[in-house]
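Structure assessment
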Protein chains: 2
Amino acid sequence: MKFPIGELSRQTAVKVPTIRYYEQIGLLPEAPRTEGNRRLYGKSEVDRLNFIRHSRELGFEIDDIRELLAMAAQPQSSCHQVDSIANNHLIEIDRRIASLTALKAELSRMVDECGHGRVCDCRIIEALADHSHCRSEH
Amino acid sequence: MKFPIGELSRQTAVKVPTIRYYEQIGLLPEAPRTEGNRRLYGKSEVDRLNFIRHSRELGFEIDDIRELLAMAAQPQSSCHQVDSIANNHLIEIDRRIASLTALKAELSRMVDECGHGRVCDCRIIEALADHSHCRSEH
DNA sequence: CTTGCTTCTCTAGTGGCTAGAGGAAGTAGC
DNA sequence: GCTACTTCCTCTAGCCACTAGAGAAGCAAG
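No experiment lies behind these values; they were computed from the predicted model shown.

**Considerations on the protein's contact with DNA strand C**
Surveying the vicinity of DNA strand C reveals 17 residues, the closest of which are Tyr22(A), Arg56(A), Gly6(B), Arg20(B) and Arg39(B). Counting only the atoms of DNA strand C within 4 Å of the protein, the fraction contributed by sugar and phosphate is 80%. Between DNA strand C and Thr18(A) there is a distance of 3.0 Å, counted from a phosphate oxygen to a side-chain nitrogen or oxygen. At 2.7 Å, a backbone N or O of Gly6(B) approaches a phosphate oxygen of DNA strand C. Those elements giving two or more residues to the surface near DNA strand C turn out to be helix H2 (16-24) of chain A together with helix H1 (5-12) of chain B.

**Observations concerning unusual backbone geometry**
Even without being a glycine, Asn37(A) presents a positive backbone phi close to 75°. Tracing the backbone shows Asn37(A) in the loop between H2 and helix H3 (43-57).

**Topic: H3(A)**
All names here are of chain A. In this model H3 runs 21 Å from its N-terminal to its C-terminal C-alpha over 15 residues, within 8% of the 21 Å that 1.5 Å per residue would give. Within H3, the full set of buried residues consists of Glu45, Val46, Leu49, Asn50, Phe51, Ile52, Arg53, His54 and Ser55. At the C-terminal side of H3, Gly59 shows a positive phi close to 90°.

**What to know about the environment of Ile85(A)**
Residue and element names in this part refer to chain A. With respect to the element layout, Ile85 can be found in helix H5 (residues 80-113). Separated by 20 residues in the primary sequence, Ile85 and Ile65 place their C-alpha atoms 9.6 Å from one another. Contact partners of Ile85, with chain neighbours within four places excluded, come to Phe60, Asp64, Glu67, Leu68 and Met71.

**Regarding the packing of helix H3 (residues 43-57) of chain B against helix H4 (residues 62-73) of chain B**
Residue and element names in this part refer to chain B. At a closest axis distance of 10 Å, the pairing of H3 and H4 adopts a crossing angle of 140°. Here H3 lies oblique to H4, going by the angle between them. Handedness of the H3/H4 crossing: right-handed. Across the interface between the two elements, Arg48, Phe51, Ile52, Ser55 and Arg56 from H3 touch Ile62, Ile65, Leu68 and Leu69 from H4.

**A short note on the protein's contact with DNA strand D**
Taken together, the neighbourhood of DNA strand D is formed by 17 residues, with Gly6(A), Arg20(A), Arg39(A), Tyr22(B) and Arg56(B) sitting nearest. Of all atoms in DNA strand D that approach within 4 Å of the protein, 79% are sugar or phosphate atoms. The separation between a phosphate oxygen of DNA strand D and a polar side-chain atom of Arg33(A) is 3.0 Å. Of the residues forming the surface near DNA strand D, the biggest block, three residues, is contributed by helix H2 (residues 16-24) of chain B. For the surface near DNA strand D, the class distribution of residues is five nonpolar, four polar and eight charged.

**So, the packing of aromatic side chains**
All names here are of chain A. In the structure shown here, the tally under the stated rule is two aromatic pairs over all chains. On the numbers, 6.0 Å between centres and 45° between planes, the contact of Tyr21 with Tyr22 is tilted. Among the residues examined, Tyr21 registers a relative accessible area of 40% and is labelled partly exposed.

**Some points on the pattern of salt bridges**
Residues and elements named next belong to chain B. Tallied over the entire structure, the rule returns 16 salt bridges over all chains. As a salt-bridge pair, Glu23 and Arg33 come within 3.9 Å of each other at their nearest N and O atoms. Here Arg33 lies in the loop between H2 and H3 and Glu23 lies in helix H2, a separation of ten residues in the sequence. Arg33 sits in the partly exposed class, given a relative accessible area of 36%.

Conventions used here
Residues numbered from 1 in each chain as written. Chains lettered and ligands numbered in written order. Predicted model: local features only at pLDDT ≥ 70, side-chain atom pairs only at ≥ 80, totals over all residues. Heavy atoms only, no water. Near = heavy atom within 4 Å. Polar contact = N/O pair within 3.5 Å; in protein donor to acceptor, adjacent residues only side chain to side chain. Helix = DSSP H or I, 4+ residues; strand = E, 2+ residues; numbered from the N terminus. Expected span 1.5 Å × (residues − 1). Buried < 20%, exposed > 50% of the residue type's maximum accessible area, 1.4 Å probe, protein only. Contact = heavy atoms within 4.5 Å. Axes fitted to C-alpha atoms, helices over the stretch in contact; angles between N-to-C directions. Parallel < 35°, antiparallel > 145°, perpendicular 65-115°, else oblique. Left-handed = near helix turned anticlockwise from the far one by under 90°. Nonpolar A, V, L, I, M, F, W, Y, C, P; charged D, E, K, R; others polar. Phe/Tyr/Trp six-rings, centres within 6.5 Å; stacked < 30°, edge-to-face > 60°. Salt bridge = Lys/Arg side-chain N within 4 Å of Asp/Glu carboxyl O.

See the structure below:
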């Protein structure tokens, strides 16, 4: 029924120190302890931590997750906030993809133009030095 | 000819504290000072800092830039190292784009499926909780 | 001479962990 | 019961690449 932190770590693929860190910053509630002072967890902590982990994988920040968790805790409230957090995140993702794609094009061009000779002929270093007045992305 | 740090900042769009930080970590050489202890810069620092800034914008890490700068300083050496740094970076960018694209699809689906009703019907929170056994990206 | 801007150094904070020290608790085998 | 091993505990400090702020000093214009 109840298991220690290592087992929680195994079940969620979240590292032990990270779990303790999450507890410290209040993302996880303080776990009850055994007589020997070890933390004890149950099924609900697995769920909560999986929620957190998956949200982190999707790039949500800790504060976003805090909000999402708070909203999930009061299921009768409106969904609009959740929707808006996710949508903001989607916009940000689009921006990152666009920026990375531009970056990739530039890098590819640089690598292509590199004559594979000596540095004095290398276009990569030149390209990096040159674009001093590009509009900044991101 | 020689100008102070604020002017260097304006010419390169790198913030003043960041310039001092770069000096501190040895990415920029220690600038000569005026009698009144202010740093003085010239054209070559503008070039070097633009190189750094552009490399950072392209996502290179400080250590990569250190290597690139070292290679640029000995132009008779081979270009292969430069090429390989850029290529590694390109691979990493591809990975990030792929991961972000997958993420976007998932988030879009989540937002679409959200009934725009109350949280208890919201698919977003469910989706975040559910995918406990997705392979982890990145 | 005063006002206001720039610059100086220094320390500490950010986010989201990660690493390591030093010690206690639990577990398995003998 | 003893030993060896693993897991766990707390605490502190480190990572990256900056960013913010305090408090003092320099400098230029009016």
